[in-house]
Amino acid sequence: MANFIDTNINQTVLMDINYLDQLGTNNFDYYLYSLLNKPGFLDDFLGRYKNHKVGRKAYPPELLLRIIFCAYYRGITSSRVIASLCETDLKFMALAVGTKPHFTTVASFVSKNTQAIQELFHRVLLVCDESGLIGREHFAIDGCKLPTDASKEWSGTHDELKKKSDKMRSRAKRIVEKHTSDDSSKNSDSGHRKKELQTIDTLLKNADKIDKFLGANEKRIGHSRSKREVQSNITDNESCKMTTSKGTIQGMTCVTAADDKHQIIIEAQAYGVGQEQVTLKPMVEKIKNHFEGDVFSDGCVLTADTGYCSEDNLAFLHDENIKAVIPDNNFRLRDPIFSESESFKKHKENRQATRKDNKKTRKIFGIEDFSVDLEKKEAVCPNGKMMMITSHHFDTAQGPHMRFRGYLKDCRECPLQAQCMKGDVKKQGRQISVLIEAQRKTTHLDRMRKVIDSEEGKRLYSKRMYTIEPVFGNICSNKRLDKLTLRSEKKVTAQWQLYCMVHNVEKLWKNAA
C-alpha cells in the first residue's frame, strides 16, 4: 500500500508568521506599503479624526488605504468582500495587521474623504514627476462612460416623473376600488389579497418619493445653447442617462488626462454629463493646478478626440495659448487613406448596422441641391418651388447667412418630402441657411481643420491613441472596473481617482524595479 502525507484539513495549526514578510519585496503590495509610510504623505486624512481625548481607537488611514488599493488592484470594489478578505486572505490580513475592519468602515472611508483623496492623488502625481515619469511634451484627454449606483428607471424630466407618479396613484386607486366592489369576505385573508395590499403600499410610497423629489429639486438644465431640460434622476440627480456602445446606462463620464511618456494619469474627474465638450475647460484648469508654472508654455501638445471639438473649446485653447490638436467629426472623410479604404467603409456600415438604438441615418438634400441667388435673394428647392426669405443677415461664427424656408403648403404636398425632411412636416417647411461667402470669417474650427489635415497634425494626433487608451484598458479590463459603486460627482470622482492612483502606483513600482 502506498504511503502518503497526511491530508486531514480538520486540524488547528499555530502559524509563526511576520506580516511584513507576507508582503514580499518586489511587488505592488510592498511598494504601496513603502509609499504610504512616507512621513507626512497622509496628513490630509488626519483632520477629521477627533478622538485624541475621548472615543475608541480609529483605524489608521494608511491601513484602510492599503487594503482598498490592493483590493482595487485585484478588481474588487465591494466593501463587504474587502472586509471578508481581511479575515480570510493572508495577504490582506498582513495589510490590515491582523485587524478586521467592518465593511461600513471601508465604505465610509472612501465616501467621507473625497477632498483628502484628491490631495493624495496630487501627492502621488508629484512622486511620479520627481521620478521622471512625466515628459510634459504631450497630454491626451478622453472620457470613459461607466454606470454608477443609480437606477435609470428613476430617470425623466419633471413632467415625465410627474406623469409616472400620477400613473402609480391611479393604479393603486383601481386596486382599492376593486377591493371595495368585491364584497366577498372569504378571500379577504388570502395570499392574493395580501399581495395586492402590498402592491398598493409600494405604489403609494414610490409616488410619494417622486413627489417629494419634484418638490425639493428644480428642473435640470443641459449645457447646450438651447438650455433645454434634461432628465433628472431620483436616486442620484448628479448622474446622467447616456448611450454607450454597450447600451443605455445611468452613470457618469470619467474624464482622464494622461502624459505620453509612461501613460501617467495627470488628472481624473467624474462628470454627470453625456457630452464631453463641456469638460475640456475644467480639465485644462485642473491640469495647470498640478504643476508649477504654466505646463503648456514650453510647447506641450494637448490632444483629444472629436467629442471635444467645438468653437468655444478651440477659442478657449487659443486664448490660453495652448497648442492643441482636436479634429472635427469629418476629418477622416477628408483623408484619402481612410475615405477610400474598403475596410473603413465596411467598418462604418457594420457600426451603423449594429447600433443598439437601431437609429438609421437617412441622407437628405443638402444646401448644394438648392438653387440660391444671393444677389436676387431667391432660393428654389429641388422640386422647383420658390422659397421665402426669413432672414437677410443671420450672423454666426462663420459669418453672416441668409435664411430661406419652404412654404408649408408646398412642403406638405411635395413628392420629395422623404428625401428633404428628417421628420414629418408639421409647423413649418424645410429651412436652409446660406453663407454669404464674401463676408466669410475664419473660425477656430477652420484653423483646426488646417492643422489636422497637415502631416504634422496627423503625426501629433496619432500619439493620442497610445497615450490615453492603454489607461482605460488597464483600469477597465486588467483591473476589471465595470461599475462605480458610489453616488454624486464628488464621491464618484474620489473612487475614480483611487483607481487612477492604482494605475500610477503600478507604473512607479514597475519603473523603480
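Note: the structure precedes this text.
Now for a look at the structure at hand. (Residues numbered from 1 in each chain as written. Predicted model: local features only at pLDDT ≥ 70, side-chain atom pairs only at ≥ 80, totals over all residues. Heavy atoms only, no water.)

Time to look at the pairing of strand β12 (residues 400-406). Of all 7 residues that make up β12, 5 are buried, and the element is covered over most of its length. With 6 bridges connecting them, strand β11 (residues 387-395) and β12 associate as antiparallel partners. Paired with Met-387 across the strands is Gly-406, a residue of β12. In textbook terms, the turn of a hairpin is the stretch between consecutive antiparallel strands, and for β11 and β12 this stretch comprises 4 residues, one of which, Gly-399, has a positive phi near 140°. Both β12 and strand β13 (residues 431-435) contribute to a ladder of 5 bridges, which runs antiparallel. Looking at the pairing, Phe-404 lines up with Ile-432 of β13. (Buried < 20%, exposed > 50% of the residue type's maximum accessible area, 1.4 Å probe, protein only. Helix = DSSP H or I, 4+ residues; strand = E, 2+ residues; numbered from the N terminus. Pairing = 2+ DSSP bridges.)

Residues Val-13, Met-15, Ile-17, Tyr-19, Leu-90 and Val-97 make up a contiguous nonpolar surface patch of roughly 520 Å² in combined accessible area. By the secondary structure assignment, Leu-90 is in helix α5 (residues 90-95). Look at Leu-90 and you get partly exposed, because its relative accessible area is 33%. (Patch = residues over 30% accessible without salt bridge, like charges linked within 9 Å, V, L, I, M, F, W, Y side chains within 5 Å. Areas by Shrake-Rupley, 256 points an atom, 1.4 Å probe, with all protein chains shown as cover. Salt bridge = Lys/Arg side-chain N within 4 Å of Asp/Glu carboxyl O.)

Turning to the pattern of salt bridges, a few remarks are in order. As enumerated under the stated definition, the model contains 22 salt bridges in all. A salt bridge links Asp-201 to Lys-205; the nearest nitrogen and oxygen atoms lie 3.4 Å apart. Pair noted here: Asp-201 and Lys-205 are both in helix α9 (residues 191-216), with a separation of 4 residues, about one helical turn. Lys-205 sits in the exposed class, given a relative accessible area of 54%. Its salt-bridge partner being Glu-320, residue Lys-288 comes within 2.5 Å of it at the nearest N-O pair.

On to unusual backbone geometry, then. Of note in the backbone geometry, Gln-263 takes a positive phi value of approximately 55° without being a glycine. Even without being a glycine, Ser-488 presents a positive backbone phi close to 80°. Position of Ser-488 among the secondary structure elements: in the loop between α17 (455-478) and α18 (489-512).

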